[in-house]
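Chain residues, written in single-letter form:
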Amino acid sequence: MEKCLISIIVPVYNVEKYLDRCMRSLLRQTYRNIEIIMVDDGSTDSCSMKCDEYAKADHRVVVIHKKNEGLGFARNSGIKAAKGKFIAFIDSDDYADKSMIEKLYTALLNNNADTCFCRYYDVLADGTPVQAREDYQKEKYCGNDVKKLILGMIGSAPDKKGDVEIGMSVWKGLYSATIIHENMIFFPSEREYISEDIIFHIAYLEYANTVAIDPGFYYYYCDNGSSLTKSYNPVRFQMEKKLYFKEKELLSRIFPTSDYETRLNKSFIGRVRRCISQEIFSDSDRISKKKKVREICSDEVVQTALQELRKQKIGFPKREINLLIQKKCYMFLKFVFQLQNKLL
């Protein structure tokens, strides 16, 4: 069987420090029949020039220059331009194993699948790669079982240690261009929804027939200190609430409420804990911090989710921290998060 064209979409915005590392990993892919679509999202550093240089040096590189609209819309521009039968998404401040595309494509063919996921490394600030924890139940998901992947990305079962079972990021997968184009599946703006990837996955996986899971670790997600989900954002809690409501809206069309509600509440409260932690460690004055944390704790959506989770067997210490949030105990929350930070 002749190898088909695979499109790799690379959004680029002010990542001159990391772009060469990313592109080296893609240009050296053992699977050669690729097009690399570099979407320059209005970069103000040297990235725009670098993109053009890569296009001149390798005919497989295509460059799109556009005004700055964010990661989600940059990916959409790449989707519209993609000519490949399958599509991969790579973030320009990360990098991939040189065999990643070949491994994903081979697993996809061997399983007669339309989609394939691999595992990934979290690369620490000092460059150390650590295998990310993901709890896949199968090596191949078919038919209605594909929807179990959505549930794993939404949240974990009550007795599980983590807040989610499967990472929801798109950069570890190979996706059917046919499914994407025929069903008009695009990314929302991360400026509107703090996690555009989970919205994409809910929409995409509803139409996927077979998803293969390659056990290999082929993607390197780097802690560069600039991620939207890690840096302090004063309106992050409101964005998390907006995402929560959007997820409920989308999931209600696919699942009975009982299938997803506990998982969604568990992951939402996990994100609430991170919001509280970021407020506690922010540069705001003590009075402002206390006020903001209590506002988050008192929020009706938070209190309702916590009340529902009290019926579940949530493990220690999250159960106790959730109770502190429910009781709005600012000083104890501050102590717990400061203690956790010292132990990390």
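Since this is a predicted model, take the numbers as computed values, not measurements.

### Regarding the packing of helix α1 (residues 19–27) against helix α2 (residues 47–57)
No. 1: Where α1 meets α2, the axes come as close as 11 Å, and the angle between the chain directions of the two elements is 20 degrees. As the angle between them shows, α1 and α2 are arranged roughly parallel. Seen from above, α1 lies across α2 with right-handed handedness. Contacts from Leu-19, Asp-20, Met-23 and Leu-27 in α1 reach Cys-47, Lys-50 and Tyr-54 in α2.
No. 2: Of the residues contributing to the contact of α1 with α2, the split by class is 5 nonpolar, no polar and 2 charged.

### What to know about the environment of Asn-110
No. 1: By the element assignment, Asn-110 lies in helix α4 (residues 100–110).
No. 2: Placed 10 residues apart in sequence, Asn-110 and Met-100 show a C-alpha to C-alpha distance of 15 Å.

### With respect to the side chain of Ser-169
No. 1: When you line up the elements, Ser-169 lands in the loop between α5 (147–154) and β9 (173–176).
No. 2: Leave out the neighbours within four places in its chain, and Ser-169 touches Tyr-175, Asp-197 and His-201.

### Observations regarding the packing of aromatic side chains
No. 1: Considering all chains together, one arrives at 18 aromatic pairs under this definition.
No. 2: Between Tyr-31 and Tyr-105 the ring centres are 5.1 Å apart and the planes differ by 65 degrees, which places this aromatic pair in the edge-to-face class. Of this pair, Tyr-31 sits in the loop between α1 and β2 (34–41) while Tyr-105 sits in helix α4, and the two are 74 residues apart along the sequence.
No. 3: If you follow Lys-80 out to its NZ or CZ, it ends over the ring of Phe-186, 5.7 Å from the centre.

### Quick look at the pattern of salt bridges
No. 1: This model, assessed by the stated rule, comprises 24 salt bridges.
No. 2: For Arg-273, the salt bridge is made with Asp-163, and the minimal N-O distance between the two is 3.1 Å. One end of the pair, Arg-273, is in helix α9 (residues 257–280); the other, Asp-163, is in the loop between α5 and β9, and 110 residues separate them in sequence. For the pair Arg-273 and Asp-163, a shared accessibility class is recorded, and that class is buried.
No. 3: The shortest N-O distance in the salt bridge between Arg-263 and Glu-165 comes to 3.3 Å. Here Glu-165 lies in the loop between α5 and β9 and Arg-263 lies in helix α9, a separation of 98 residues in the sequence.
No. 4: Take Arg-263: its relative accessible area is 19%, and that puts it in the buried class.

### A closer look at the layout of surface pockets
With a probe scaled to a water molecule rolled over the atoms, the places where space remains empty come into view.
No. 1: Size it by volume and the second largest pocket reaches roughly 190 Å³.
No. 2: Of all elements in the fold, only α7 (196–205) and α8 (236–251) reach the threshold of two or more residues within the lining of the second largest pocket.
No. 3: In terms of residue count, the dominant contributor to the lining of the second largest pocket is α7 (3 residues).
No. 4: In the lining of the second largest pocket, the residues fall into 8 nonpolar, 1 polar and 3 charged.

### Looking at empty space enclosed by the protein
No. 1: Enumeration according to the criterion identifies 2 cavities of 30 Å³ or more in this entry.
No. 2: Size it by volume and the largest cavity reaches roughly 40 Å³.
No. 3: Taken together, Tyr-232, Asn-233, Pro-234, Arg-236, Phe-237, Cys-275, Gln-278, Glu-279, Lys-292 and Ile-296 make up the full set of residues lining the largest cavity.
No. 4: Residue contributions to the lining of the largest cavity peak at 3 residues, all from α9.
No. 5: In terms of residue class, the lining of the largest cavity is built from 5 nonpolar, 2 polar and 3 charged.
No. 6: One number sums up the size of the second largest cavity: a volume of about 30 Å³.
No. 7: Lining of the second largest cavity is provided by Asp-163, Lys-266, Arg-273, Leu-309, Ile-314, Lys-318 and Asn-322.

Calculation criteria
Residues numbered from 1 in each chain as written. Predicted model: local features only at pLDDT ≥ 70, side-chain atom pairs only at ≥ 80, totals over all residues. Heavy atoms only, no water. Axes fitted to C-alpha atoms, helices over the stretch in contact; angles between N-to-C directions. Helix = DSSP H or I, 4+ residues; strand = E, 2+ residues; numbered from the N terminus. Parallel < 35°, antiparallel > 145°, perpendicular 65-115°, else oblique. Left-handed = near helix turned anticlockwise from the far one by under 90°. Contact = heavy atoms within 4.5 Å. Nonpolar A, V, L, I, M, F, W, Y, C, P; charged D, E, K, R; others polar. Phe/Tyr/Trp six-rings, centres within 6.5 Å; stacked < 30°, edge-to-face > 60°. Lys NZ or Arg CZ within 6 Å of the ring centre and 35° of its normal. Salt bridge = Lys/Arg side-chain N within 4 Å of Asp/Glu carboxyl O. Buried < 20%, exposed > 50% of the residue type's maximum accessible area, 1.4 Å probe, protein only. 1 Å grid on protein atoms, 1.4 Å probe; cavity = no way out; pocket = protein on both sides within 12 Å on 5 of 7 lines; lining within 4 Å. Points joined across faces, edges and corners; volume = space filled by probe spheres on them.

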